[in-house]
Amino acid sequence: MSFTAVPTATGVYNYSDHFNSTDINVMIFYPSFNPADSTVNRIAALDDGGIVTLTAGNVYTFVVHRHCGDLAAGNTWEFRMTYLSAAAPAAPAAPAAAPDASWDPGDARLNRQPAQPTAVYCEAQGLFAYGPQGQPMLYASWEAIEAAGVPTNAPLPLDMNEAMHAGFFRLPDGWFQIVVNGGPEEYIYRWDGCPMTHTITEVFSTATGERLVYEAQ
């Protein structure tokens, strides 16, 4: 089923769903929804919990899918969108591209290895990530992170960018994680908090699942 909704405030919204007889997930589309291709104009795919930024006055299409049970009358389910904070502030200056394998990035990024698909920062406003050309990739404010809490048994999405195949997550042990998997390799970087003291970097082949890199600090 689908319906449209118009936010009254621009900012970061927390999503949560609950079911008694029907387990659901929700996809959000803007500016339009194409039933023939659910990847077009999709800005978020949310299940159990997550965070998405919406703009006041925009007409968003919400599409509800079921994991199990039935959406028919008599079965019960619900989801909630709760306003958390204003939209992301202006991000810090984008990093310069790495010239070679011996480089020092010369800034405060957490993942300091060369030739990574993203650069991750702990800033006063929250967590930021940039793409390889310095383009904004992900953002999660500290207010939204605190409101979301620490999950109990599965990674909790903090921000997702489907166009760039990237996501910020909070892990059940309290650590943070970024995943970037839009190419032949899946990049996973975990860190224990801000300030960061311990990290784990993993790279996997998306074709075979083989782990190509493992580095713990």
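In the block above lies the structure referred to throughout.
Residues numbered from 1 in each chain as written. Predicted model: local features only at pLDDT ≥ 70, side-chain atom pairs only at ≥ 80, totals over all residues. Heavy atoms only, no water.

Draft legend 1. Looking closely at the side chain of Ser-205. Within the secondary structure, Ser-205 is located in strand E15 (residues 199-205). Residue classification places Ser-205 among the buried residues on the basis of a relative accessible area of 14%. Those residues in contact with Ser-205 that lie beyond four places of it in its chain are Pro-184, Glu-210 and Leu-212. (Helix = DSSP H or I, 4+ residues; strand = E, 2+ residues; numbered from the N terminus. Buried < 20%, exposed > 50% of the residue type's maximum accessible area, 1.4 Å probe, protein only. Contact = heavy atoms within 4.5 Å.)

Draft legend 2. Layout of the nonpolar core. Formed by 21 residues in total, the largest nonpolar core has its most connected members in Met-137, Leu-138, Leu-158, Phe-168, Ile-178 and Trp-191. Mapped onto this core, the elements with two or more residues apiece are strand E9 (126-130), strand E10 (136-141), helix H1 (142-148), strand E12 (166-170), strand E13 (176-180) and strand E14 (185-191). Setting aside anything within four residues of it in sequence, one finds Trp-191 in contact with Leu-110, Val-120, Cys-122, Leu-127, Phe-168, Trp-175, Phe-176, Gln-177, Ile-178, Met-196, His-198 and Thr-199. Of all hydrophobic cores here, the second largest spans 13 residues; its members include Ile-24, Ile-28, Leu-46 and Leu-54. (Core = buried A, V, L, I, M, F, W, Y, C linked by side-chain atoms within 4.5 Å.)

Draft legend 3. Looking closely at the sheet that holds E14. Here six strands make up an open sheet; going across it, the order is E11-E12-E13-E14-E15-E16 and the pairing antiparallel. Edge positions in the open sheet fall to strand E11 (156-161) and strand E16 (211-216), since each of these has one partner strand only. With strand direction ignored, the average angle separating the axes of adjacent strands in the sheet is 10 degrees. Taken together, the five bridges between E11 and E12 define a ladder with antiparallel strand orientation. (Pairing = 2+ DSSP bridges. Axes fitted to C-alpha atoms, helices over the stretch in contact; angles between N-to-C directions.)

Draft legend 4. Main features of the pattern of salt bridges. In total, this model carries three salt bridges according to the counting rule given. Here Glu-162 makes a salt bridge to Arg-42, at a shortest N to O gap of 2.8 Å. Of this pair, Glu-162 sits in the loop between E11 and E12 while Arg-42 sits in strand E4 (residues 42-46), placing them 120 residues apart in sequence. Assessed through its relative accessible area of 28%, Glu-162 is described here as partly exposed. In this structure, Glu-202 engages Arg-211 in a salt bridge whose closest nitrogen and oxygen atoms are separated by 2.8 Å. Accessibility expressed as a relative area gives 45% for Arg-211, which makes it partly exposed. Among the charged side chains, a network of salt bridges with common partners joins Arg-190, Glu-202 and Arg-211. (Salt bridge = Lys/Arg side-chain N within 4 Å of Asp/Glu carboxyl O.)

Draft legend 5. Up close: the side chain of Glu-202. Tracing the chain through its elements places Glu-202 in strand E15. In this structure the side chain of Glu-202 is engaged in a polar contact, spanning 2.7 Å, whose partner is the side chain of Arg-190. Those residues in contact with Glu-202, other than ones at most four positions away along the chain, are Glu-186, Tyr-187, Ile-188, Arg-190, Arg-211, Val-213 and Tyr-214. (Polar contact = N/O pair within 3.5 Å; in protein donor to acceptor, adjacent residues only side chain to side chain.)

Draft legend 6. Up close: the pairing of E9. Burial of E9 is extensive: five of the five residues sit out of reach of the surface. Both strand E8 (residues 119-122) and E9 contribute to a ladder of four bridges, which runs antiparallel. Residue pairing for E9: Val-120 is matched across the bridge by Ala-129. Adjacent in sequence and paired antiparallel, E8 and E9 are bridged by three residues. Of the pairings in the sheet, the one linking E9 to E10 comprises five bridges and is antiparallel in character. Bridging from a neighbouring strand, Leu-127 pairs with Ala-140 of E10. Between E9 and E10, which pair antiparallel one after the other, the connecting turn spans five residues, and Gly-134 there sits at a positive phi close to 85 degrees.

Draft legend 7. Structural detail: unusual backbone geometry. A cis amide bond, omega 5 degrees, links Tyr-30 with the succeeding residue Pro-31. Even without glycine at this site, Asn-41 takes up a positive phi of about 65 degrees. Following the sequence through the fold, Asn-41 ends up in the loop between strand E3 (23-29) and E4. Even without being glycine, His-165 reaches a positive phi, approximately 55 degrees. For His-165, the location among the structural elements is in the loop between E11 and E12. Residue His-165 is classed as partly exposed on the basis of its relative accessible area of 40%.

Draft legend 8. Seen up close, the sheet that holds E8. Pairing within the open sheet is antiparallel, and its three strands lie in the order E8-E9-E10. Every other strand in the sheet has two partners, leaving E8 and E10 as the edge strands with one partner each. Strand after strand, the sheet turns through a mean of 10 degrees between neighbouring axes, direction not considered.

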